[in-house]
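Working through the structure, step by step
Below are the chains, spelled out letter by letter.
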Amino acid sequence: MAATPVSPLAPGLPCAEPYIRSTPNLSHRRSVLFNSEPKHFNHAFISHNVISKHPRASTASQDTDFASDGSSTVAIENDDVAGSTVFVIRARNRIGLLGVITRVFKVLGLTVQGASVEFEGDFFVKSFHVTSSDGKKLEDVEDLERIRKSLMEAIDGVGDTSAGLMQAGGRGVVVKKSVSGLESLGERRAKAEKMFGLMDGFLKNDPMSLQKDILDHVEYTVARSRFNFDDFEAFQEGDAALGNGGLARLSACQMDSLATLDYPVWGYGLRYQYGLFRQVIVDGYQHEQPDYWLNFGNPWEIERIQVSYSVKFYGTVEEKASNGVKYKVWTPGETVEAVAYDNPIPGYGTRNAINLRLWAAKPSGQYDLESYNTGDYINAIVNRQKAETISYVLYPDDRSYQGKELRLKQQYFFVSASVQDIIRRFKDVHDNFDEFPDKVAFQINDTHPSLAIVEVMRMLIDEECLDWGRAWEIVCRAFSFTTHTVNTEGLEKIPVDLLGSLLPRHLQIMYDINHRFMEDLKRKIGQDYSRLERMSIVEEGIVKSIRMANLSIICSHTVNGVSKVHFELLKTRLFKDFHDLWPQKFQYKTNGVTQRRWIVVSNPGLCSLISKWLGTEAWIRNVDLLAGLQEHASNPVLQQEWTMTKTINKMRLADYIETSTGVKVSLDAMFDVQVKRIHEYKRQLMNILGIVYRYDCIKNMNKSDRKKVVPRVCIIGGKAAPGYEVAKKIIKLCHAVAEKVNGDDDVGDLLKVVFIPDYNVSVAELVIPGSDLSQHISTVGHEASGTGSMKFLMNGCLLLATADGSTVEIIEEIGAENMFLVGAKLHEDPQSGDKPARGVSIQFIRVVSMVRDGYFGFKEYFNSLCDSLEDDKDFYKLGADFSSYLEAQAMADRVFVNKEKWTCMSILSTAGSGKFSSDRTIEEYAKHAWGIEPCRCPF
């Protein structure tokens with residue numbers, strides 16, 4: 001392998017990892033984003049300079065003399081030459097160099113009209129007369145400079161082709177090693193020319209070529225007949241399920257936007273052997289089964305066995321001295337290897353692809369060797385299994401000490417491997433760590449990757465031998481922090497005893513950071529011990545713990561909220577003490593989703609319709625153009641086509657519902673959907689009680705009144721955490737109500753209740769386009785942002801929602817008149833989330849009594865669920881908001897029968913969804929947090 005990754009501007013050269021094509025960032029920072037946590041998809045985003053400014057290439061000299069050190073130069077002569085631009089290249093003569101230079105011109109779309117060459121000893125001077133593809137002289141100054149730099153990178157990247165490539169003994173580092181000189185110069189030249197000839201082009205990516213490649217794979221790789229193969233063999237893969245809920249999908253959307261917008265970014269995460277559990281419903285109860293997503297391999301990943309790093313755990317820390325300087329040495333008690341697996345993330349409408357690097361845990365070869373040498377084969381196997389457990393399963397149960405320890409191991413394993421990889425890449429092209437914050441920016445999403453702060457400090461101090469002050473300045477300039485939490489109970493705390501056992505050196509560094517911060521804070525605020533205690537990283541109590549959010553805020557230059565409402569909560573409630581101290585640190589960037597996944601892929605019919613009425617497909621990259629639909633919202637032709645598209649999507653969803661649940665539903669009914677993680681604050685229970693109320697009303701109507709009822713198909717989907725008993729009871733109640741309602745002939749198609757099992761992204765691509773009404777009814781003050789509502793909004797689904805999280809900004813974009821609002825607003829209830837509401841409606845009392853009295857069976861089982869809804873226990877305010885909820889549902893019924901108005905509101909929902917693209921979110925992060933700019937592929 002080559003010593004460092006080379007620029008794609010010299011594509012004829014052999015390239016070390018990564019295989020994925022990226023683009024050079026010639027002048028801007030590298031950005032690194034860590035995603036939420038090992039249990040939440042764990043994808044970190046890392047921008048990486050594939051090439052940096054070369055010390056020789058950075059001087060734009062037009063001088064035709066050699067540099068004083070005999071290095072290469074590229075000069076441009078464009079004034080006195082008619083019809084073409086002349087590139088004068090002076091370089092040391094090396095085999096294959098001329099071929100590389102001509103290939104650079106070819107890849108950049110340029111035509112060489114003529115050339116001349118002169119030799120001066122070991123050097124040549126070659127002049128290339130070049131035009132653009134249409135035969136014109138090159139005039140643009142920026143284009144000329146880019147071409148010149150491309151040539152310099154190609155020239156400087158070419159070494160002696162007699163050199164062989166191999167992996168060094170050190171982990172994660174690739175170097176060159178010369179081979180024996182047995183081959184003649186002519187043989188080496190012939191091999192080099194053949195190699196460059198074979199590499200002279202890219203694979204075609206038109207549909208016919210892709211289809212042929214798939215057939216070749218079927219016939220020659222998996223040895224199946226091209227006339228008899230299944231979807232799996234044609235690369236149809238299942239959901240990876242490497243995360244849970246909207247935060248996981250948020251990361252995937254951000255990766256799509258980063259690639260599409262040409263940001264030079266890498267992603268990091270864990271390669272879990274088992275993803276989030278598969279949900280199986282038996283007799284209405286949730287059961288969890290392992291998700292064997294890797295059983296048959298992953299066709300898109302590239303195993304990088306040569307890229308691995310040692311990750312240390314346990315052990316002791318000793319203080320030593322050398323030349324009067326004291327330093328700490330961490331001797332680990334356990335070591336595992338992190339092995340890289342790369343996955344390409346392509347962008348839309350760009351030649352760029354970024355890379356997602358996932359880490360798998362493997363045993364350290366040293367310990368296996370010791371076991372084998374002593375004949376202890378069984379112990380070697382046990383050690384291997386123990387090491388691999390780290391990346392086995394998403395969401396280990398942390399109710400026990402062992403579970404907490406495994407979670408912490410996952411967090412540090414992910415962080416350590418990624419930080420080592422980042423620093424190794426930095427050191428490949430830089431030798432001064434003062435430049436580190438200008439080249440690397442870490443973005444922590446929630447606190448679970450915040451060990452990265454301490455890991456970077458440890459590596460700078462213990463391994464790179466920087467003093468504390470210099471290392472601290474570097475860290476504080478490199479990190480920024482985004483939190484998705486809305487209450488203090490959700491902030492991560494790690495017991496000191498657990499940290500001291502698993503990561504003893506990191507605990508020492510945390511104590512040092514806290515001591516210095518406390519001393520500085522005392523000088524600023526005085527002896528306010530209550531505030532000092534709240535802001536301390538160390539929480540004293542029954543269980544002494546480290547507050548990871550406080551650590552993240554103290555060590556970051558920016559603290560981000562994820563919606564306007566969330567930002568206010570951070571300032572006034574969650575981090576008020578820190579905001580009062582550092583108001584300049586706090587910002588917000590509302591989350592977003594990618595229209596390319598949630599319209600183009602999941603709803604191709606709507607995609608085509610939008611492009612037709614806008615007269616362009618440019619909205620796929622510039623989603624603000626969707627606003628152009630507003631002027632057509634009342635057009636009867638568009639409304640008819642819009643309704644037909646929705647009907648087709650409802651047919652797809654109805655077929656899936658019948659296949660997965662056995663329930664046959666009417667397409668004339670309103671498809672009323674709530675799909676998301678099952679949790680009390682998301683209030684699926686209020687939805688079910690609303691269904692009970694509707695059912696009770698229908699049962700008490702006469703036949704003539706029933707004819708006026710708007711038919712509903714109430715669809716609920718989502719998973720409950722394995723240890724969350726209340727959420728599991730909510731799932732059971734949904735099934736109990738469904739069994740009663742769906743089997744009642746008096747009701748028929750007026751009301752159907754469906755629970756979709758094992759809800760995931762693939763299912764969402766059917767559910768979201770086929771929905772008429774979508775519920776987002778979390779208790780006000782408990783949703784940081786919420787991205788599910790954005791996906792439904794883009795697909796023209798009307799929202800029934802509380803004014804919480806990003807919904808407040810949706811109201812600003814489409815108007816409250818185009819959605820159905822539920823409950824009090826945040827400013828109307830300043831105690832939101834702190835105290836239960838009092839006073840409930842008679843309707844609420846009635847439906848709770850029906851459940852409590854056993855109307856739907858399982859009386860004893862649901863008793864505790866009903867108890868949680870009593871006045872003094874109703875923390876999530878179902879009783880207080882139930883009347884408002886019923887009013888919003890009644891309004892939705894009234895509008896639904898007015899097809900023209902409903903369709904107009906649907907069109908306006910899509911037209912107003914542009915702000916909620918992840919493209920906008922990423923551009924705000926790039927500008928205000930990371931300081932990077934797009935880096936477009938030059939060919």
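Residues numbered from 1 in each chain as written. Predicted model: local features only at pLDDT ≥ 70, side-chain atom pairs only at ≥ 80, totals over all residues. Heavy atoms only, no water.

A short note on the overall build of the chain
A tally of helices and strands in the chain yields 31 helices and 29 strands. For the chain, with 939 residues in total, the buried portion stands at 55%. A separation threshold of at least 6 residues defines the contact pool for the chain, and within that pool the share at least 24 residues apart is 74%. If you sum the accessible surface of the chain, you get close to 39600 Å²; carbon and sulfur atoms cover 51% of it. (Helix = DSSP H or I, 4+ residues; strand = E, 2+ residues; numbered from the N terminus. Buried < 20%, exposed > 50% of the residue type's maximum accessible area, 1.4 Å probe, protein only. Contact = heavy atoms within 4.5 Å. Areas by Shrake-Rupley, 256 points an atom, 1.4 Å probe, with all protein chains shown as cover.)

Examining the packing of helix α10 (residues 451–463) against helix α13 (residues 504–525)
It is the contact of α10 with α13, at a shortest axis distance of 10 Å, that shows an interaxial angle of 95 degrees. The orientation of α10 relative to α13 falls into the category roughly perpendicular. Taking contact as the criterion, the partners of L451, V454, E455, M457, R458, I461 and D462 in α10 are, on α13, R505, H506, I509 and M510. Considered class by class, the residues forming the contact of α10 with α13 number six nonpolar, one polar and four charged. (Axes fitted to C-alpha atoms, helices over the stretch in contact; angles between N-to-C directions. Parallel < 35°, antiparallel > 145°, perpendicular 65-115°, else oblique. Nonpolar A, V, L, I, M, F, W, Y, C, P; charged D, E, K, R; others polar.)

Focus on the side chain of T645
You can see T645 is positioned in helix α20 (residues 636–661). Non-local contacts of T645, meaning those with residues more than four positions away in its chain, are made with N603, G605, L606 and L609.

Side note on the sheet that holds strand β19 (residues 493–495)
Strand order in the open sheet formed by three strands is β19-β21-β20, and the pairing between neighbours is antiparallel. The strands lining the two open edges of the sheet, one partner per strand, are β19 and β20 (538–539). Judged from the three bridges that link them, β19 and strand β21 (residues 545–547) form a sheet pairing that is antiparallel. Its bridge partner being in β21, K493 is matched across the sheet by R547. (Pairing = 2+ DSSP bridges.)

Topic: the packing of aromatic side chains
In total, this model carries 30 aromatic pairs according to the counting rule given. Relative to F128, the ring of F105 has its centre 5.3 Å away and its plane inclined at 50 degrees; by these criteria the two rings are tilted. Here F128 lies in strand β6 (residues 123–131) and F105 lies in helix α1 (residues 97–107), a separation of 23 residues in the sequence. A centroid spacing of 5.0 Å and a plane angle of 90 degrees characterise the contact between F896 and W902, whose relative ring orientation is edge-to-face. Through pairs of rings, three or more aromatic residues link up here, namely F426, F433, F436, F442 and F479. Between the NZ or CZ atom of K719 and the centre of the ring of F277, over which it lies, the distance is 5.3 Å. (Phe/Tyr/Trp six-rings, centres within 6.5 Å; stacked < 30°, edge-to-face > 60°. Lys NZ or Arg CZ within 6 Å of the ring centre and 35° of its normal.)

A few points about the environment of Q595
Tracing the sequence through the fold places Q595 in helix α18 (residues 595–601). Here the alpha-carbon distance between Q595 and S917, two residues 322 residues apart in the chain, equals 6.5 Å. Those residues in contact with Q595 that sit more than four places away from it in its chain are V600, W619, I620, R621, V623, M794, S917 and D919.

Considering the sheet that holds β6
Think of a sheet as strands paired side by side through backbone hydrogen bonds, with each pair either parallel or antiparallel. Reading across the sheet, the four strands line up as β3-β4-β6-β5 and stay open at both edges, with antiparallel pairing between neighbours. The two strands at the open ends of the sheet, each matched to only one other strand, are β3 (73–77) and β5 (111–120). On average, each strand axis in the sheet is tilted by 15 degrees relative to the strand beside it, whichever way the strands run. Bridging between strand β4 (residues 85–92) and β6 involves eight bridges; their strand directions are antiparallel. Bridge assignment links I89 to a residue of β6, and that residue is K126.

Thoughts on the side chain of R920
Position of R920 relative to the elements: it lies in helix α31 (residues 918–930). Residue R920 is classed as buried on the basis of its relative accessible area, which comes to 15%. Separated by 2.7 Å, the side chain of R920 and the backbone oxygen of T590 make a polar contact. When neighbours within four sequence positions are excluded, R920 is seen to be in contact with K589, T590, N591 and K915. (Polar contact = N/O pair within 3.5 Å; in protein donor to acceptor, adjacent residues only side chain to side chain.)

A look at a nonpolar patch on the surface
There is a patch of nonpolar side chains on the surface, built from M644, I648, M651 and L667 and spanning about 360 Å² of accessible area. When you line up the elements, M651 lands in helix α20. (Patch = residues over 30% accessible without salt bridge, like charges linked within 9 Å, V, L, I, M, F, W, Y side chains within 5 Å. Salt bridge = Lys/Arg side-chain N within 4 Å of Asp/Glu carboxyl O.)

Focus on the pattern of salt bridges
Within this structure, the stated rule accounts for 51 salt bridges. Note that R547 and E539 form a salt bridge whose closest N and O atoms lie 3.4 Å from each other. In this structure, R547 and E539 share a single accessibility class: buried. One salt bridge in this structure joins K699 and D746, with 3.1 Å as the shortest N-O distance. One end of the pair, K699, is in helix α21 (residues 684–699); the other, D746, is in the loop between α23 (725–742) and β26 (751–756), with 47 residues separating them in the sequence. Judged by relative accessible area, D746 falls into the partly exposed class, the value being 42%.

Things to note about the pairing of strand β9 (residues 266–270)
With respect to burial, β9 is a largely interior element, five of its five residues being buried. Side chains W266, Y268 and L270 of β9 all project onto a buried face; the interleaved residues G267 and G269 project onto the opposite face, where all are buried too.

Observations regarding α23
Counted at 1.5 Å a residue, the expected span for α23 with its 18 residues is 26 Å, and the 26 Å between its end C-alpha atoms agrees. Of all 18 residues in α23, 13 are buried, a share of seventy percent or more. (Expected span 1.5 Å × (residues − 1).)

Some points on the environment of D871
Residue position: D871 is located in the loop between α28 (859–867) and α29 (878–896). Its relative accessible area of 34% is what places D871 among the partly exposed residues. Residues D871 and G839 lie 32 residues apart in sequence; the distance between their C-alpha atoms is 7.3 Å.

Section: the nonpolar core
Within the largest apolar cluster, 106 residues are counted, with the highest numbers of intra-cluster contacts made by F313, W359 and F413. The element best represented in this core is helix α8 (residues 401–429), accounting for 10 residues. In this structure, F413 is in contact with L270, V311, F313, V336, E337, A338, W359, A360, A361 and I390, ignoring residues within four places of it in sequence. (Core = buried A, V, L, I, M, F, W, Y, C linked by side-chain atoms within 4.5 Å.)

Quick word on α20
Since the α-helix turns once every 3.6 residues, residues separated by three or four places project in the same direction. When the terminal C-alpha atoms of α20 are compared, their 36 Å separation across 26 residues agrees well with the 38 Å that a helix rising 1.5 Å per residue should span. Those residues of α20 lying buried are L638, Q639, W642, T645, K646, N649, K650, L653, A654 and I657. Elements in contact with the buried residues of α20: α19 (604–614), β24 (670–675), β25 (712–717), β26, α24 (761–767) and α30 (899–911). If you check the start of α20, you find a side-chain oxygen 2.8 Å away from the backbone N of V637, and it comes from N635. Downstream of α20 by a residue or two, G662 has a phi angle that is positive, lying close to 80 degrees.

A look at the pairing of strand β17 (residues 442–445)
Side-chain positions along a regular strand alternate between the two faces of the sheet. Neither face of β17 is left uncovered, since the one carrying F442 and I444 and the one carrying Q443 and N445 both have all their residues buried. Note that β17 and strand β18 (residues 479–482) share four bridges and pair parallel. Looking across to β18, one finds that F442 is bridged to F479.

These figures capture arrangement, not role.
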